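Chain by chain, the residues:
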Amino acid sequence: MFNLLLQFTNFRSFKGTHEFYFTNGKNFIVGNNNVGKTTIFEAIDFLFNGLKRNQEIDDLINNESKDQEMHVMITFSDLSDDVKKSSKIQPYITSNGTLTLIRGNKIPAVNTKGKHVILDYKTLLYQNASSHEFYNPTGISNATKPYFNPTIVYANDHNEDYQDFRASSLLGKLLKLEAKDLLNSDEFKAVQQKFNDLIEQDGGLQSHLSSLKEFMEKSIADQFGKVALNFNFEIPAMDSIIKNGRVFAKDKNGEQDISEKGSGLQRALTLAVIQAYANFAKKADAMQFFIDEPELYMHPIAQDSLLDALDELSKQDNQIFLNTHSPYILRHFNSKRDSVVILSNKEGQKRIRQMESLIFKPTSIGEITYKAFSVPTAALHQRLYSVIENKVIYTDQKVNSEKTFSDYLVKKYKDIVTLQSFRQRFTKQNKSKNGGWVPAQNKPLPFIIRNEIDHPDTYLEDDTGINKFNDDLLKKSIDELFKIYNKEFPE
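Residues numbered from 1 in each chain as written. Predicted model: local features only at pLDDT ≥ 70, side-chain atom pairs only at ≥ 80, totals over all residues. Heavy atoms only, no water.

Caption draft 1: Representation of the overall build of the chain. If you tally the helices and strands in the chain, you get 15 helices and 20 strands. Taken over the C-alpha trace, the chain has a radius of gyration of 32 Å; the compact-globule value for 491 residues is 23 Å, which it surpasses by more than 25%. Split into buried and exposed, the 491 residues of the chain put 44% on the buried side. In the chain, of all internal contacts separated by at least 6 residues, the share reaching a separation of at least 24 is 64%. Summed over its atoms, the accessible surface of the chain is roughly 26,900 Å², and 49% of this surface lies on carbon and sulfur atoms. Distance between charge centres in the chain, computed from 62 positive and 64 negative side chains, equals 6 Å. (Helix = DSSP H or I, 4+ residues; strand = E, 2+ residues; numbered from the N terminus. Rg over C-alpha atoms; globule rule 2.2 N^0.38 Å. Buried < 20%, exposed > 50% of the residue type's maximum accessible area, 1.4 Å probe, protein only. Contact = heavy atoms within 4.5 Å. Areas by Shrake-Rupley, 256 points an atom, 1.4 Å probe, with all protein chains shown as cover. Lys, Arg positive; Asp, Glu negative; His and termini not counted. Charge placed at Lys NZ, Arg CZ, Asp CG, Glu CD.)

Caption draft 2: How the structure looks around the pairing of strand β12 (residues 254-257). Alignment of strand β11 (residues 248-251) against β12, held across four bridges, turns out to be antiparallel. Looking at β12, one finds that lysine 250 is bridged to glutamate 255. The hairpin formed by β11 and β12 contains two residues between the paired strands. (Pairing = 2+ DSSP bridges.)

Caption draft 3: Layout of helix α15 (residues 471-488). For α15, with 18 residues, the first-to-last C-alpha span of 25 Å sits near the 26 Å given by 1.5 Å per residue. Considered for burial, the residues of α15 that qualify are Leu474, Ser477, Ile478, Glu480, Leu481, Phe482, Ile484, Tyr485 and Glu488. Tucked inside the fold, the buried residues of α15 contact α11 (365-373), α12 (378-395), α13 (402-412) and α14 (445-454). For α15, the capping residue at the N-terminal end is asparagine 470, with a side-chain oxygen 3.1 Å from the backbone nitrogen of aspartate 472. (Expected span 1.5 Å × (residues − 1). Polar contact = N/O pair within 3.5 Å; in protein donor to acceptor, adjacent residues only side chain to side chain.)

Caption draft 4: Expanded view of the pattern of salt bridges. A full pass over the atoms with the stated rule returns 19 salt bridges. Across the salt bridge formed by aspartate 222 and lysine 218, the nearest N and O atoms sit 3.6 Å from each other. Here the residue aspartate 222 and the residue lysine 218 both occupy positions in helix α6 (residues 205-223), the gap between them amounting to four residues, near one helical turn. Using a relative accessible area of 59% as the deciding quantity, one classes aspartate 222 as exposed. Judged by relative accessible area, which is 55%, lysine 218 ranks as exposed. Put simply, aspartate 454 and arginine 450 hold a salt bridge, and the shortest N to O gap is 3.4 Å. Separated by four residues within a single helix, aspartate 454 and arginine 450 lie in helix α14, roughly one turn from each other. Three or more residues joined by partner-sharing salt bridges are found here, namely Lys26, Asp311, Lys315, Arg337 and Asp338. (Salt bridge = Lys/Arg side-chain N within 4 Å of Asp/Glu carboxyl O.)

Caption draft 5: Quick look at a nonpolar patch on the surface. Together, Leu212, Phe215 and Met216 make up an exposed nonpolar region whose accessible area comes to about 310 Å². Residue placement: leucine 212 occurs in helix α6. (Patch = residues over 30% accessible without salt bridge, like charges linked within 9 Å, V, L, I, M, F, W, Y side chains within 5 Å.)

Caption draft 6: Spatial organisation of the side chain of serine 344. Its place among the elements puts serine 344 in the loop between β15 (339-343) and β16 (352-354). Judged by its relative accessible area of 10%, serine 344 is buried. A polar atom in the side chain of serine 344 sits 3.1 Å from the backbone nitrogen of lysine 346. Here glutamine 349 takes part through its side chain, which lies 2.6 Å from a polar atom of the side chain of serine 344. Those residues within four positions of serine 344 in sequence are excluded, and the remaining contacts are Val35, Gln349, Lys350 and Arg351.

Caption draft 7: Summary view of the sheet that holds strand β3 (residues 26-30). Across the sheet, which stays open at both edges, the six strands sit in the order β10-β13-β14-β3-β15-β16 with mixed pairing between neighbours. Taken across any chain shown, the strands that pair with only one partner, and hence form the sheet edges, are β10 (150-153) and β16. Direction aside, neighbouring strands of the sheet carry axes that sit 15 degrees apart on average. Note: β3 against strand β14 (residues 319-324), five bridges, orientation parallel. Within β14, the position partnered with isoleucine 29 by the bridge is asparagine 323. Running over the sheet, helix α9 (residues 300-315) touches β3, β13 (288-292) and β14 and is turned about 145 degrees from β14. Together, β3, β14, β15 and β16 form the strand contacts of α11, whose direction differs from that of β15 by roughly 40 degrees. (Axes fitted to C-alpha atoms, helices over the stretch in contact; angles between N-to-C directions.)

Caption draft 8: Structural view of the packing of α14 against α15. The N-to-C vectors of α14 and α15 enclose an angle of 125 degrees; their axes lie 9 Å apart at closest approach. Between α14 and α15, the interaxial angle falls into the category oblique. Like other packed secondary-structure pairs, α14 and α15 cross with a definite hand, here left-handed. Across the interface between the two elements, Leu445, Pro446, Ile449 and Ile453 from α14 touch Leu473, Leu474, Lys476, Ser477, Glu480 and Leu481 from α15. Its residues assigned to classes, the contact of α14 with α15 shows seven nonpolar, one polar and two charged. (Parallel < 35°, antiparallel > 145°, perpendicular 65-115°, else oblique. Left-handed = near helix turned anticlockwise from the far one by under 90°. Nonpolar A, V, L, I, M, F, W, Y, C, P; charged D, E, K, R; others polar.)

Caption draft 9: Molecular detail of the confidence of the model for the chain. Of the residues in the chain, 91% reach a pLDDT of 70 or more, and the chain-wide mean stands at 87. Across the chain, the secondary-structure element scoring lowest on mean pLDDT is strand β18 (residues 425-426), at 66, and the one scoring highest is strand β5 (residues 99-104), at 96. (pLDDT = per-residue confidence, 0-100.)

Caption draft 10: Just the packing of aromatic side chains, in detail. Within the structure shown, the criterion is met by 20 aromatic pairs. Taking the centre distance of 4.2 Å and the plane angle of 20 degrees together, the rings of phenylalanine 76 and phenylalanine 148 count as stacked. Remark: phenylalanine 148 occurs in the loop between α3 (140-144) and β10 and phenylalanine 76 occurs in strand β4 (residues 71-77); sequence separation between them is 72 residues. By relative accessible area, phenylalanine 76 is classed as buried at 2%. Through pairs of rings, three or more aromatic residues link up here, namely Phe8, Phe11, Phe14, Phe20, Phe22, Phe41, Phe46, Phe290 and Phe321. Positioned above the aromatic ring of tyrosine 328 is the side chain of arginine 331, whose terminal nitrogen or guanidinium carbon lies 4.1 Å from the ring centre. Lying across the ring of phenylalanine 14, arginine 351 places its NZ or CZ 4.0 Å from the centre. (Phe/Tyr/Trp six-rings, centres within 6.5 Å; stacked < 30°, edge-to-face > 60°. Lys NZ or Arg CZ within 6 Å of the ring centre and 35° of its normal.)

Caption draft 11: How the structure looks around the pairing of β4. Taking burial as the measure, the seven residues of β4 include six buried ones, the bulk of the element. Strand direction decides the pairing type here: β4 and β5, joined by six bridges, are antiparallel. Residue pairing for β5: isoleucine 74 is matched across the bridge by leucine 101.

Structure (structure tokens):
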């Protein structure tokens, strides 16, 4: 497949120009609600397909930028040899091997007559590699469709496009692939012959239409002259047979067209089609799959099955894009092939950023959950603490206990660690005159959190049994440990 750079200007909630970089594996898009994750899918949808039914261009322009240009642009890199060999596409591939497409409401372009014009959102434009001007050459859409043909599954609609059998639909392609061996079979040839007999034999369709044909020939002859008409009926091709099919589903409420079933079942069908495509369409054209909230309506085990299928698709040169709120989905991240784009609308945070590089291999669910969703976990804290502590103990002979490691953190990283009162606690190992009670002491925050997590039964000063830290302190301690880790393990 290829890498791609998506850029859009004044599109929906994104005022100004914003860029997103995606890799050729699985691309996870994460963030809180209403930060624009689905907007990325809508931008891709608009670029390749234009407006949806009953949609106005004004619906897509940022509310604060109604009088300004709005566009969506995509630049593909690392193009396959098949794309580069296409004679229709070649004039639009740069010497660096990139291809750029754009659609918007005020795009300077060159029309089919060679005139410089401003084109509107109805036209998908391609940037010429030499002149850098945008064109819409005849036939290029059909030339690029085998390589750039996104399949988009939204969370908030029924995805009817994935329920019918027409040749351009995903299900139609899948059915056609599976039926190809039937085309040359004796059974299919026998059906074709039966159809021909139904049309041409005495008493067949042509015989029934003979009176109608003669009447029409006479009517034409009265107005124009003698003309012989013939009603020609082609033997149905497999495409014609398949495209008229529909999916029916039978459950406790009876059998109905899938479009009449609930949105949960319809979405399940759509995802099942994608999983089937991963399993059966091994040699089909590469595609791009955009799935909005794959965790929706799905049991965790079913989520795993879906992600396994998507991973298989990505290995077959298909590109995967996933909007998700779920750390469970994100645990399928592969740091060698995949990317994570993080969106935010919080003040003081970047609107768009790539997830920081991960330090643990294989991928740690705790680390990826923290770096993608900013959710701190005890598991991540303890792993960071242990890795640092073990390294220090191994390399510094003066550090050989919890106490000496705590002292080490205070001495070497006083500009990083926070000193905090480690509350009074009881331990049988304490042989002091206080009878097992250890008084409150100032200790580095990571040391305190580590002990509060590992020894909740030891550090109790009341009957609640609750550790004396919260998520804010846990996050602060994790941040301090990452800073220490980067100094202890410089790249």
